[in-house]
Amino acid sequence: MRDWLRSEPIVIASGKGAVLRDTKGKEYLDANASIWTNLHGHAHPRINTAMQKQLNKIAHSSALGLANEPASYLAERLVNAANTSKRGKGKHFAKVFYSDDGSTALEVALKLAYEYTRRTGRSKKPKFLSLQGAYHGDTVGAVSVGHIDLFHKAYSGMLFQADKVMAPYCYRCPFNKAKPERADARSYRKCNWECVGKVEQTFAKQKKKGNPYAGFVFEPLMQGAAGMVPQPSGWLKKVTDIAKGQGALLIADEVMTGFGRTGISCRVHRDAIIKAQNRPVSKTLFACQRPEVEPDFLCLAKGLTGGYLPMAATLTTQSVFDTFLGEYHEYKTFFHGHSYTGNQLGAAAGLASLDLLEGKQSLHQRAVLQQAMHESLKELWSSPYVGDVRQVGLVAGIELVKDWRTRKPFDLSEQAGMRVCKAMAKRGVLTRPIGSVIALMPPYCTTAKQMKQMVMVLREAIEETFSNSKAP
Ligand SMILES: Cc1ncc(COP(=O)(O)O)c(C=O)c1O
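Residues numbered from 1 in each chain as written. Predicted model: local features only at pLDDT ≥ 70, side-chain atom pairs only at ≥ 80, totals over all residues. Heavy atoms only, no water.

Which parts of the structure should I look at to understand the domain arrangement of the protein chain?
For an interface, size is often stated in terms of accessible area lost upon the parts coming together. The domains assigned to the protein chain are domain 1 (2-44 + 362-466) and domain 2 (52-263 + 271-360). With 47 residues of domain 1 at the contact, the number on the domain 2 side is 47 residues. Between domain 1 and domain 2 the total buried area reaches about 4100 Å² when both faces are included, carbon and sulfur atoms providing 56% of it. Among the salt bridges present, the one from Arg-172 reaches Glu-399, with a minimum N-O distance of 2.8 Å. Taken together, the links from domain 1 to domain 2 amount to 24 residue pairs in polar contact (both at pLDDT 80 or more). At the level of elements, α2 (33-36), α12 (360-377), β13 (386-392), β14 (395-403), β15 (408-409) and β18 (437-440) are the ones that each hand at least two residues to the side of domain 1 that touches domain 2. For the side of domain 1 that touches domain 2, a count of residues per class yields 24 nonpolar, 15 polar and 8 charged. (Domains from an automatic or database assignment. Contact = heavy atoms within 4.5 Å. Buried area = accessible area lost by both parts, 1.4 Å probe. Salt bridge = Lys/Arg side-chain N within 4 Å of Asp/Glu carboxyl O. Polar contact = N/O pair within 3.5 Å; in protein donor to acceptor, adjacent residues only side chain to side chain. Helix = DSSP H or I, 4+ residues; strand = E, 2+ residues; numbered from the N terminus. Nonpolar A, V, L, I, M, F, W, Y, C, P; charged D, E, K, R; others polar.)

Looking at this model, I keep getting lost on a nonpolar patch on the surface. Mind explaining?
A surface patch of nonpolar side chains, amounting to about 450 Å² of accessible area, comprises Met-1, Trp-4 and Leu-5. Note that Trp-4 resides in helix α1 (residues 2-6). (Patch = residues over 30% accessible without salt bridge, like charges linked within 9 Å, V, L, I, M, F, W, Y side chains within 5 Å. Areas by Shrake-Rupley, 256 points an atom, 1.4 Å probe, with all protein chains shown as cover.)

Teacher, can you tell me more about helix α8 (residues 194-208) here?
Because an α-helix completes one turn every 3.6 residues, residues spaced three or four positions apart along the sequence face the same direction. The end-to-end C-alpha separation of α8 is 21 Å, in line with the 21 Å expected for 15 residues at 1.5 Å each. Within the span of α8, buried status applies to Cys-195, Val-196, Gly-197, Val-199, Thr-202, Phe-203 and Gln-206. Those residues of α8 hidden inside the fold are in contact with β5 (128-131), β6 (163-165), β7 (215-218) and α9 (235-245). Looking one or two places after α8, you find Gly-210, whose phi comes out positive at around 85°. (Expected span 1.5 Å × (residues − 1). Buried < 20%, exposed > 50% of the residue type's maximum accessible area, 1.4 Å probe, protein only.)

What follows is the structure in structure tokens.
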């Protein structure tokens, strides 16, 4: 906070497409889509028009005991989009519960899963398992299933107890014991799925205690706030099959990964570049859909309104819904609701955003941007301070290290990521670090040229920041 008070803040006044403008007229590229929310660019004419139209009718009326049109239509569209799978079963999700942000989308899922487990007699004391490094929001339930000590440890006394299990982090995998050598210091070695084994063991151990896990909470394909850490292909299907096999409900947090963010799975690697070129862009909007994982709860927020307004949705199945169905005197209803639940203005933005996402132009934009990101990021490998460059679809994480050969991390107190981001801001590119990882996930309207500019600026900022250090 002292750092914040010491410095002059950038005060944003307006935005258009991928560009933000401050009160002094300086322009910046929005390289993290305004903390991972914005999909199609700022001041998008289609979303603006949809919201203006809605504004002329009504901005908000309560959803407690009342319905409204845009939120109802949006629920139907979300269910349809989430049910599209290669096998085309199309009947999995049936219901949507609205709330306000990513954290509350998780709270809703956790409370529903907890009560569903109790009411169906599976457990009197339902317990949850989530991933090492997990971040699911800042409200107390979401923090309980989070495992980032820096954010969460101080509150441990007020949280419910949830277990954690190893999550894949191939770049820093403890099972990768071979000493990195110069030639392959940045490659991921083949493994025996030890991380999947850990999940299996953890589930088995809990079952032995006589109270199998009620729910397994995870981000699919990539963990965001853990440091933009991708899961190796096949991991998600394997671990969710284990969880399902043990009777746990699957709670997928797609607050960051949802709405097309994970595009075509593509990990950029110096030695083994998986080319996105010439492959069709996946039309599915959610990360779970590619490996055909069907969670019991799908938590959405951030991009739900295209990044315009806070709004969240928790999608679930008919079976969960029916557990809360009863006559008045049974008091079986799900006692949870926020004042702005089902907000019309947010829903109108959400509908316009889905129209855009499902249109050909967006698919094309995303394919171009994903490829441009892939091509531009290659520039970074030659920096001695870049340890790993990770890309899944339209999300990238660049891990800064003291020495790429040893993978020696910066200490948090050195503020390596923060200093690089400050140097980027000076050059007109805005993003925020996750410790020593620089996140790049621009709006989908970002051009190939703008993408290249973001990476070039990042490279220059790295050079400037560490120019006084002795080159490793
Ligand atoms: C994966 C994930 N879940 C939940 C959240 C919490 O969302 P919100 O900040 O909208 O409460 C975030 C926020 O960054 C997130 O990345």
